[in-house]
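Analysis of the macromolecular model
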Amino acid sequence: MQNVIGIDAGGTLTKVAYINEQHEMDFVVFPSNDFSQVKTWIESRPHIEEIGLTGGRTKQLLDVLKTMKSIQYLVEFEATFKGVKYLLKKNGHQVENAIISNIGTGTSIHYLDGESHVRVGGTGVGGGTLTGLATIMTGISDFDQITSNAAVGSREGIDLFVKDIFKGMEPPIEGHLTASNFGNVNILENAEHKTKDLLATIQGLVGEVITTLSIQFAEGKNCDSIIYIGSTLTNNEHLKQVIANYTILKKHTPIFLNDCGFTGAIGALLYKVELSKTVES
Ligand SMILES: Nc1ncnc2c1ncn2[C@@H]1O[C@H](COP(=O)(O)OP(=O)(O)OP(=O)(O)O)[C@@H](O)[C@H]1O
Ligand SMILES: [Mg+2]
């Protein structure tokens, strides 16, 4: 099956899933603003014959690849769904129904029910918001630098927590909940904010908006589990912690999957593999 690959050309990143020389599934990532890198990677592997392709930038990638191989397009939600099912099984999860929140450049939210799935909503707040705000507010645009700084930052002096408002009183809701993301800035006038604290606070904002929305959909669909995927979570324990804490506090079960940035690419690969098997048989 080394002749088949799956590609997810997303808003920010292009993910490729392929079978390596050890016959295991492997992954590689390219920036979506330079498709020539994807083309070079494919061209240096002449054994690749068939490509399953998905993602919003499919047309733009096709324009660069031209018709160099047999390429099959798969709708992004179908590919993601297939990839999620595969990773759930691989990670040993048994989930009948769940909300899937795909934190890509933006965030797309789906409801998975057995073999069916439906898009229930989304928000423009996602990984692009994280890197965009980080760049404007701190000058740091590198994703790894953003996440490693955020991990050692504190939100205390920037966010306003419920306990800050209800000082000396019993708050009506849990005191450590965020009352206002960035809401402490103008209350603690003239405070200096460290880069790492700003980055931690941006992650808090992004994570909490997405979790709040995901929980509302989970409650609407009466389901317990919320599966969070997308490259924004890659090596980003801090954001996962923000999301997990809030999801658990709201009595839902967060599920994080290894390789969660690659669900679309995995789905596109599996789809193409299944197709070629059908043709063979
Ligand atoms: N190496 C990286 N370079 C840039 N961003 C990264 C990197 N690794 C992780 N990210 C984060 O992942 C986000 C993109 O996630 P993902 O690849 O799931 O989205 P996408 O598929 O490109 O976008 P969409 O699905 O919305 O079209 C970025 O916005 C950023 O926050
Ligand atoms: Mg995507």
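What comes next is a walk through the structure.

Reading guide: rules and limits
- Residues numbered from 1 in each chain as written.
- Chains lettered and ligands numbered in written order.
- Predicted model: local features only at pLDDT ≥ 70, side-chain atom pairs only at ≥ 80, totals over all residues.
- Heavy atoms only, no water.
- Helix = DSSP H or I, 4+ residues; strand = E, 2+ residues; numbered from the N terminus.
- Buried < 20%, exposed > 50% of the residue type's maximum accessible area, 1.4 Å probe, protein only.
- Near = heavy atom within 4 Å.
- Polar contact = N/O pair within 3.5 Å; in protein donor to acceptor, adjacent residues only side chain to side chain.
- Areas by Shrake-Rupley, 256 points an atom, 1.4 Å probe, with all protein chains shown as cover.
- 1 Å grid on protein atoms, 1.4 Å probe; cavity = no way out; pocket = protein on both sides within 12 Å on 5 of 7 lines; lining within 4 Å.
- Sits in = over half its atoms within 2 Å of the grid points.
- Nonpolar A, V, L, I, M, F, W, Y, C, P; charged D, E, K, R; others polar.
- Arc of directions from axis to C-beta.
- Contact = heavy atoms within 4.5 Å.
- Axes fitted to C-alpha atoms, helices over the stretch in contact; angles between N-to-C directions.
- Parallel < 35°, antiparallel > 145°, perpendicular 65-115°, else oblique.
- Left-handed = near helix turned anticlockwise from the far one by under 90°.
- Core = buried A, V, L, I, M, F, W, Y, C linked by side-chain atoms within 4.5 Å.
- Salt bridge = Lys/Arg side-chain N within 4 Å of Asp/Glu carboxyl O.

Let's talk about the environment of Phe-217
As for its placement among the helices and strands, Phe-217 is situated in helix α7 (residues 195-220). Overall, Phe-217 belongs to the partly exposed group, its relative accessible area being 23%. Sequence separation between Phe-217 and Gly-114 is 103 residues, and the spatial gap between their C-alpha atoms is 17 Å.

Description of the site of ligand 1
Around ligand 1, the surrounding shell holds 17 residues, and the nearest of these are Gly-11, Thr-12, Lys-15, Thr-105 and Ser-231. Contact between ligand 1 and Gly-11: an oxygen atom at 2.8 Å from a main-chain N or O atom of the residue. Thr-105 places a side-chain nitrogen or oxygen 2.6 Å from an oxygen atom of ligand 1. For ligand 1, whose accessible area on its own is 650 Å², the fraction buried by protein is 79%. If you map ligand 1 onto the pockets, it falls in the largest pocket. Listed by contribution, the elements that provide at least two residues to the shell around ligand 1 are β2 (13-19) and α4 (127-138). At three residues, α4 tops the list of elements feeding residues into the shell around ligand 1. Its residues assigned to classes, the shell around ligand 1 shows three nonpolar, 12 polar and two charged.

Notes on helix α2 (residues 58-65)
Listed as buried for α2 are Thr-58, Leu-61 and Leu-65. Buried residues of α2, seen end-on, are gathered within an arc of 70 degrees and therefore sit on one face of the element. Structurally, α2 contributes buried residues whose contacts are with β1 (4-9), α1 (36-43), β4 (50-54) and β5 (70-73). A positive phi of about 55 degrees marks Lys-66, the residue just after α2.

A closer look at unusual backbone geometry
Excluding glycine, a negative phi dihedral is what most residues carry, and trans is how most peptide bonds are arranged. At His-23, a residue that is not glycine, the phi angle is positive and equals roughly 65 degrees. Positionally, His-23 belongs in the loop between β2 and β3 (25-31). According to the relative accessible area criterion, His-23 is exposed, its value standing at 62%. One non-glycine residue, Asn-222, lies in positive phi territory at about 55 degrees. The topology assignment puts Asn-222 in the loop between α7 and β11 (225-229). We classify Asn-222 as exposed; its relative accessible area is 70%.

Observations regarding the packing of α1 against α2
Think of two packed helices as two axes; the pair is described by the angle between the axes and how far apart they sit. Running from N to C, α1 and α2 cross one another at 55 degrees; their axes reach a closest spacing of 9 Å. One element, α1, and the other, α2, form an angle in the oblique class. Considering the relative orientation of α1 and α2, their crossing is right-handed. When α1 is examined against α2, the residues Ser-36, Val-38, Lys-39 and Ile-42 are found in contact with a partner set consisting of Leu-61, Val-64 and Leu-65. Residue composition of the contact of α1 with α2, by class: five nonpolar, one polar and one charged.

Section: the side chain of Gln-203
Note on placement: Gln-203 falls in helix α7. Residue contacts for Gln-203: discarding those within four places in its chain leaves Leu-130, Thr-147, Ala-150, Asn-236, His-238, Leu-239 and Val-242.

Brief notes about the nonpolar core
Counting 45 residues, the largest nonpolar core has Leu-88, Ile-227, Leu-257 and Ile-266 as its most contacted members. Top contributing element to this core by residue count: α7, with six residues. Setting aside residues no more than four positions away along its own chain, Ile-266 makes contact with Ala-17, Met-25, Phe-27, Gly-83, Tyr-86 and Leu-87. Counting 16 residues, the second largest nonpolar core, distinct from the first, contains Ile-5, Tyr-18, Phe-35 and Ile-48.

Comments concerning the pattern of salt bridges
Evaluated as defined, the whole model comprises 11 salt bridges. A salt bridge links Asp-8 to Lys-15, with the nearest nitrogen and oxygen atoms 4.0 Å apart. Side by side, Asp-8 and Lys-15 carry an identical accessibility label, which is buried. It is possible to trace a salt-bridge network through shared partners that takes in Arg-155, Asp-159 and Glu-208.

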